[in-house]
Amino acid sequence: MEDEMARYPGLVDRGGMWQVRKRIPIDLQHIDPRGSIRISLGTRDKREAVRLYPLKLAEIQAGFDQLRTELREKPFVEAALMRGRIEDLGRTALEDLVRGWWEARAPFRNPNFEHPDDVRETLSDLERDLATLDGHGGEGDDVAARVADRLLVDAGVPSRPLRVGAIKTQVEHPVLDRGSAAYGTLRSLVADALRYEAMLARDHLVGKQTTPPHPIFNPDGSSAMAEGNYRVGDLVSAFRAEREKLYGTESTARKYGLLFRVIEECWGSQLAIRDVSRQRCVDLVTFVESIPANATKIFPGLSLTEAIAANVDRNKKRLARNTVASYVQNLSALLTWGKLHGYGVTVNSERLKPRGGAEVERRGMTAAELALIFNALAPHRQEAPQKFWVPALAAYTGARAEELCQLRTEDVIEVDGIKCLNLTRFDASGRAVKEKRFKNRNSERIVPVHDELLASGFMEFVESVARDQRLFPALKPSSKGNFSHNLSKWFGRFMDSVGLSDPALVFHSFRHGFRDACRMADIAEETAHALGGWATVNQGQRYGHRGAVPILHRALKRIAYAPFSLRSVIEAPAQRQHDVV
């Protein structure tokens, strides 16, 4: 009996009635924290239950798929809240959450009492509230945390009833990472709101205006903020808000999220701008250099300071120098912005950089290495075509991994009889495609398809993919929306498996190799830049138009990796089969 039931996992008899139990997938557990779904089959007959079992399982799976689809279609902020991943949100989204709650509490900031005793009693209560909120830890923090939790539950974050000992209360508690920087930011915003609410209510009762300005809670403060009085939190908040307005919440979180978290831990939001010295900047860079790579995954729930301390024993790899350099560049951008916008930044951030030189100098593949790689990849052309065609396209277009992995079938176009890839944000109708991302506007381009790719069957592959979908549907977006994430990690493992473990060889080496091939073919620098997406603004304007495709195509024909050729890899198996016959 047990052996037979093992064929039907989740099919159980409960009180004589058969039901199906299915565990909720891990990527949906934040949305439905029950852990599993139980559905009655409505029968006491085992044979009938076995017949209904696959139908109900398919129904449950369809529900999971539908929920995933709904999540993908929801606005970014709403989807992040539904998943309980507030760490994906930028400060502007968190401020908007608090701002809505703040606006609804206007009556608390304008109390009205007729009896003087009521006024005196309320003023006394407000002073006690301010003393509590201005303290460190304890009750003040608990109040802010409780309000923050209520805001998150009301905003749609998955929740569970709060337990006090063995008692389950009626209070819903959000299911999320309270150790994240985003939760800390939200809690801090709520604490500021409660503090300003008490000060504004006090001013209202005594008829004075003593509450200092705040960009959200008191924009029309008692006096203009002198440059010397700005805090780091003011600068970060204003910079983040402007960048999110220009480039979006997701882009800002991806590029600046870690830096904002580092600034919060190293300097704190209350540090006066006038106290941001060159030495503080150097100390911050040293701190970044000590952060373990993938710290939030390896040390979940820990602050960056705690992760650095924990890594002393585990000795995990730290952030790469290039990554550190990018954060240093972002810090300089933040400080420069603050200087230009009157925040009183005086520190000189020029020549601020990580210690030491580059750990690895990337290079392109040799002809022998290309032959080894593509002979090993050729068998994947049928069952996992993305593993062959994405590297092949990278080798003969110089395109970045993400530019290729996000391609749609409609992005393979024809211009003046020349097959091309539409590496731009726009579809055939001229509408921007939300999922497509590029490093910058100048990197968007239309690039011809190399003859080696055509001779190797690229167009036959394109025609085999259903229209109106992505060219490589097996590549799923990561939590940050990158289609190249998983393929890049797989490629690293693949390179090790074929004996190419040189750290100088990575997927981006195809791009280095393409640039080298342009030089070897004596292609004009301006044309090479246009082909690979290195173009300046003026070059991008000149070559971005479809009329330049014939020029680029003539140049591309000169690109070669002799004695290696891609078509020889494809033709070799067929030739061997012919010889056997």
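Please read these numbers as outputs of a predicted model, since none were measured by experiment.

(A) Structural view of the packing of aromatic side chains. Tallying each qualifying case throughout the model produces 24 aromatic pairs. Centre to centre, the rings of W102 and F217 are 4.7 Å apart; their planes meet at 55 degrees, and the pair counts as tilted. Of this pair, W102 sits in helix α4 (residues 91-104) while F217 sits in the loop between α8 (181-206) and α9 (232-247), placing them 115 residues apart in sequence. With respect to burial, W102 and F217 carry one shared label: buried. Centre to centre, the rings of F374 and F388 are 6.0 Å apart; their planes meet at 80 degrees, and the pair counts as edge-to-face. Taken together, the positions of F374 in helix α15 (residues 367-377) and F388 in helix α17 (residues 386-397) put the pair 14 residues apart, joining distant regions of the chain. Judged by relative accessible area, which is 0%, F374 ranks as buried. Among the residues examined, F388 registers a relative accessible area of 0% and is labelled buried.

(B) View of the sheet that holds strand β3 (residues 36-40). Reading across from one edge, β1-β2-β3 is the order of the three strands in this open sheet, with antiparallel pairing throughout. In the strand order of this sheet, the two ends are held by β1 (11-14) and β3, each with one partner. Pairs of neighbouring strands in the sheet enclose a mean axial angle of 35 degrees, with direction left out of account. Here five bridges tie strand β2 (residues 17-23) to β3, and the two strands are oriented antiparallel to one another. Residue pairing in the sheet places R23 in a bridge with S36 of β3.

(C) Geometry of the environment of S484. For S484, the position within the fold is in the loop between α20 (458-464) and α21 (485-497). Between the alpha carbons of S484 and V390 there is a distance of 9.7 Å; along the sequence they are 94 residues apart. Setting aside anything within four residues of it in sequence, one finds S484 in contact with A401, E402 and C405.

(D) Structural detail: a positive patch on the surface. A surface patch of like charges, here positive, comprises R254, K297, K480, K489 and R493. By relative accessible area, which is 34% here, R254 ends up partly exposed.

(E) Highlighting the side chain of H380. Checked against the element boundaries, H380 lands in helix α16 (residues 380-383). On the accessibility criterion, H380 (19% relative accessible area) is buried. Among all residues touching H380, those that are not within four sequence positions of it are P385, K387 and W490.

(F) Just the packing of helix α11 (residues 278-289) against helix α14 (residues 321-340), in detail. Two elements in contact, α11 and α14, have axes separated by 10 Å at closest approach and are oriented at 150 degrees. When the interaxial angle is binned, α11 and α14 end up roughly antiparallel. Note that α11 runs across α14; the crossing there is right-handed. Residues C281, L284, V285, V288 and E289 of α11 lie in contact with α14, whose contacting residues are V324, Y327, V328, L331 and L335. For the contact of α11 with α14, a count of residues per class yields nine nonpolar, no polar and one charged.

(G) Spotlight on the confidence of the model for the chain. When pLDDT is averaged along the chain, the result is 82, and 85% of the positions lie at 70 or above. No element of the chain has a lower mean pLDDT than helix α24 (residues 537-543), which averages 44, and none a higher one than α17, which averages 96. Contacts of residues 136-141 to residues separated by more than four positions or lying in other chains number five contacts, the stretch itself having pLDDT below 50. Taken as a whole, residues 576-581 scores under 50 in pLDDT and shows zero contacts with residues more than four places along the chain or in a different chain.

(H) Expanded view of the pairing of strand β8 (residues 445-448). The side-chain alternation of β8 yields two buried faces, one formed by R445 and V447 and the other by I446 and P448. Note: strand β7 (residues 418-423) against β8, four bridges, orientation antiparallel. Residue pairing across strands places L423 opposite R445, the latter belonging to β8.

(I) Just the pattern of salt bridges, in detail. All told, the structure shown has 18 salt bridges when counted by the stated rule. Linking R261 and E265 is a salt bridge whose minimum nitrogen-to-oxygen distance equals 3.8 Å. Here R261 pairs with E265, and both are found in helix α10 (residues 249-266), just four residues apart, close to one helical turn. On the accessibility criterion, R261 (14% relative accessible area) is buried. Here R519 ties to D516 by a salt bridge, and the two come within 3.0 Å at their closest N and O atoms. In this pair, R519 and D516 are both assigned in helix α22 (residues 509-520), three residues apart and thus about one turn of the helix distant. The exposure class of D516 is partly exposed, given its relative accessible area of 37%.

The rules behind each value
Residues numbered from 1 in each chain as written. Predicted model: local features only at pLDDT ≥ 70, side-chain atom pairs only at ≥ 80, totals over all residues. Heavy atoms only, no water. Phe/Tyr/Trp six-rings, centres within 6.5 Å; stacked < 30°, edge-to-face > 60°. Helix = DSSP H or I, 4+ residues; strand = E, 2+ residues; numbered from the N terminus. Buried < 20%, exposed > 50% of the residue type's maximum accessible area, 1.4 Å probe, protein only. Pairing = 2+ DSSP bridges. Axes fitted to C-alpha atoms, helices over the stretch in contact; angles between N-to-C directions. Contact = heavy atoms within 4.5 Å. Patch = residues over 30% accessible without salt bridge, like charges linked within 9 Å, V, L, I, M, F, W, Y side chains within 5 Å. Areas by Shrake-Rupley, 256 points an atom, 1.4 Å probe, with all protein chains shown as cover. Salt bridge = Lys/Arg side-chain N within 4 Å of Asp/Glu carboxyl O. Lys, Arg positive; Asp, Glu negative; His and termini not counted. Charge placed at Lys NZ, Arg CZ, Asp CG, Glu CD. Parallel < 35°, antiparallel > 145°, perpendicular 65-115°, else oblique. Left-handed = near helix turned anticlockwise from the far one by under 90°. Nonpolar A, V, L, I, M, F, W, Y, C, P; charged D, E, K, R; others polar. pLDDT = per-residue confidence, 0-100.

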